[in-house]
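Chains, contacts and geometry: an overview
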Amino acid sequence: MSATPLSFLDLAPIPEGQTTAQGVAYTVDMAQKAEAIGLNRFWMAEHHNMPGIASAATSVLLSHIGAKTNKIRIGSGGVMLPNHAPLVIAEQFGTLHALYGDRIDLGLGRAPGTDGATFRALRRQMHDADRFPQDVQELMFFLGSDSDNSPVQSFPGAHSKVPVWILGSSLFGATLAAKLGLPYSFASHFAPRMMTQAITTYRENFEPSQYLDKPYVMLAANMLLADDDATARYHFTSAQQSFVRLRRGGRGQVPAPVESMDSIWSAPEKAMVDDALAVSFIGSVGRVRPLLQHFLEEHKPDELMVTANIYDQQARLHSLDLVPELEIFDLNP
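None of these values were measured; they are calculated from a predicted model.

Reading the values: the criteria
Residues numbered from 1 in each chain as written. Predicted model: local features only at pLDDT ≥ 70, side-chain atom pairs only at ≥ 80, totals over all residues. Heavy atoms only, no water. Helix = DSSP H or I, 4+ residues; strand = E, 2+ residues; numbered from the N terminus. Buried < 20%, exposed > 50% of the residue type's maximum accessible area, 1.4 Å probe, protein only. Areas by Shrake-Rupley, 256 points an atom, 1.4 Å probe, with all protein chains shown as cover. Polar contact = N/O pair within 3.5 Å; in protein donor to acceptor, adjacent residues only side chain to side chain. Salt bridge = Lys/Arg side-chain N within 4 Å of Asp/Glu carboxyl O. Core = buried A, V, L, I, M, F, W, Y, C linked by side-chain atoms within 4.5 Å. Contact = heavy atoms within 4.5 Å. Pairing = 2+ DSSP bridges. Axes fitted to C-alpha atoms, helices over the stretch in contact; angles between N-to-C directions. Parallel < 35°, antiparallel > 145°, perpendicular 65-115°, else oblique. Nonpolar A, V, L, I, M, F, W, Y, C, P; charged D, E, K, R; others polar. Arc of directions from axis to C-beta. Expected span 1.5 Å × (residues − 1).

1. A short note on the overall build of the chain
When helices and strands are counted, the chain shows 11 helices and 10 strands. Taking all 333 residues of the chain together, 55% fall into the buried category. Total accessible area computed for the chain in this model is approximately 14,400 Å², and 52% of it derives from carbon and sulfur atoms.

Listed below in structure tokens is the structure:
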């Protein structure tokens, strides 16, 4: 099996007691580290009304990341299209393309990326998601070369042909990506239950297009490498606590790690978090390598995107430092 490209998804986490500016600075450090190691892409996700995430204005932050890096692909993982008019996103990512050329990716999701009250504050309605297939095609029209005679055009954006990805965690996105002939990224890092069925649906129903001649699947995973298993598990409790808090309807910055989760979650909550974070590779290089190899051999993704939404920035950086020791990814330093 040939080596798999590796990419990184960042939420611009803001650790407890830190500022948004510090969270953004940490994200820049991660992007630069990812580029130095030879990762393929650095994507950011749109979330709203979450005090521990600094990537709400995704395109703005991507522009900052682009200015602080040189060659790594940067993009959205994703922009939640029901929150926006397609023309506005075409203009934003057309601007990014004007600034950073063919380094730009545009991953699109159908979920709101927030709660109902915030969705309404964005001046959107829940049925806006029903137009997702049409909005995707309208956005691609604005980014393409067929809008010259249209009364409405995207300046910048027209003729940029920014690559569009469909993101999803169900069969809906898989079916749409296959129908449109677009690359597909599955959110297996937090919603893995339908992963196998979704990627099978995508691959079996893929229709070649002007954008892509064969299916291209990127899977997502949580990955945190450390010098020993206990250290990795300790730092990963930040992510586990965040999930418990989210499921309880709470908000907050990214919590500090704890020695044990036993006093924090109930048995049902533990089961829920374990299910949501089932696609996680946490531990030393020696422990993680065979688990990753098995995952890649079983699901055969064309690319893997990993994330580490934890409190300790040095642990995140060190995890990336250890990636080359896995010796299973296609890196291009």
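Having seen the model, we can carry on.
2. Quick word on the side chain of E46
Relative to the elements of secondary structure, E46 occurs in the loop between strand 2 (41-44) and helix 2 (58-68). Accessibility expressed as a relative area gives 3% for E46, which makes it buried. Looking at E46, its side chain comes within polar contact range of the main-chain nitrogen of M80, at 2.8 Å. A distance of 2.9 Å separates the side chain of E46 from the side chain of N83, its partner in a polar contact.

3. Focus on the environment of T95
Among the secondary structure elements, T95 is positioned in helix 3 (residues 86-100). Assessed through its relative accessible area of 33%, T95 is described here as partly exposed. Here the alpha-carbon distance between T95 and S59, two residues 36 residues apart in the chain, equals 9.3 Å.

4. A few points about the pattern of salt bridges
Tallied over the entire structure, the rule returns 10 salt bridges. For the salt bridge of D10 with R316, the shortest nitrogen-to-oxygen distance reads 2.6 Å. On the criterion of sequence distance, the pair formed by D10 in strand 1 (residues 4-10) and R316 in helix 11 (residues 313-326) is long-range, its members being 306 residues apart. One exposure class covers both D10 and R316, and it is buried. With its nearest N and O atoms 2.7 Å apart, the salt bridge here joins D274 to K270.

5. Digging into the nonpolar core
Counting 89 residues, the largest nonpolar core has L106 and L304 as the members making the most contacts within it. Dropping the residues within four chain positions of it, L106 is found in contact with S76, V79, I89, F93, L139, L143, V162, P163, V164 and W165. Judged by nonpolar contacts, the second largest core, of nine residues, contains L9, A45, M218 and M305.

6. Structural notes on the pairing of strand 9 (residues 303-307)
Summarising burial for strand 9: five of the five residues are buried, a large majority. Side chains of strand 9 alternate between two faces, with E303, M305 and T307 and L304 and V306 buried alike. Across three bridges, strand 1 lies against strand 9 in parallel orientation. When the sheet's bridge partners are listed, S7 is paired in strand 9 with M305. Two elements, strand 7 (residues 217-225) and strand 9, share five bridges in a ladder whose sense is parallel. When the sheet's bridge partners are listed, A220 is paired in strand 9 with M305.

7. Notes on the environment of M194
Within the secondary structure, M194 is located in the loop between strand 6 (184-186) and helix 7 (195-205). Accessibility expressed as a relative area gives 28% for M194, which makes it partly exposed. In the structure, M194 is positioned 107 residues away from L87 in sequence and 32 Å away in space, judged by C-alpha atoms. What M194 contacts, discounting residues up to four positions off in sequence, is S169, S170, L171 and F186.

8. With respect to the packing of helix 2 against helix 3
Two elements in contact, helix 2 and helix 3, have axes whose closest approach is 10 Å; the angle formed by their N-to-C orientations is 5°. As far as their axial angle goes, helix 3 and helix 2 are roughly parallel. Contacts from S59, L62, S63, G66 and A67 of helix 2 reach helix 3 at Q92, F93, L96, L99 and Y100. Residue composition of the contact of helix 2 with helix 3, grouped by class: six nonpolar, four polar and no charged.

9. Re helix 2
Among the residues of helix 2, those classed as buried are T58, S59, L61, L62, I65 and G66. The buried residues of helix 2 occupy an angular sector of 160° when the element is viewed end-on, so they sit on one face. Along helix 2, the residues that are exposed and aim more than 90 degrees away from the buried face are V60 and A67. For helix 2, the secondary structure elements touched by its buried residues are helix 1 (20-37), strand 2, strand 3 (73-80) and helix 3.

10. Here's the deal with helix 10 (residues 285-299)
In this model, helix 10 (15 residues) spans 21 Å end to end at C-alpha, consistent with the 21 Å of a helix rising 1.5 Å per residue. V285, V288, L292, F295, L296 and H299 are the residues of helix 10 that are buried. Axial view of helix 10: buried residues confined to an arc of 100°, hence all on one face. Looking at helix 10, the residues exposed on the side facing more than 90 degrees away from the buried face are G286 and H294. A positive phi of about 50° marks K300, the residue just after helix 10.

11. Digging into unusual backbone geometry
Each neighbour pair has its own omega, and for G77 with G78 the value is 5°, a cis peptide bond. Mapped onto the elements of the fold, G78 is located in strand 3. Here F155 and P156 are connected by a cis peptide whose omega angle stands at -5°. Structurally, P156 can be placed in the loop between helix 5 (132-143) and strand 5 (164-168). At N49, a residue that is not glycine, the phi angle is positive and equals roughly 60°.

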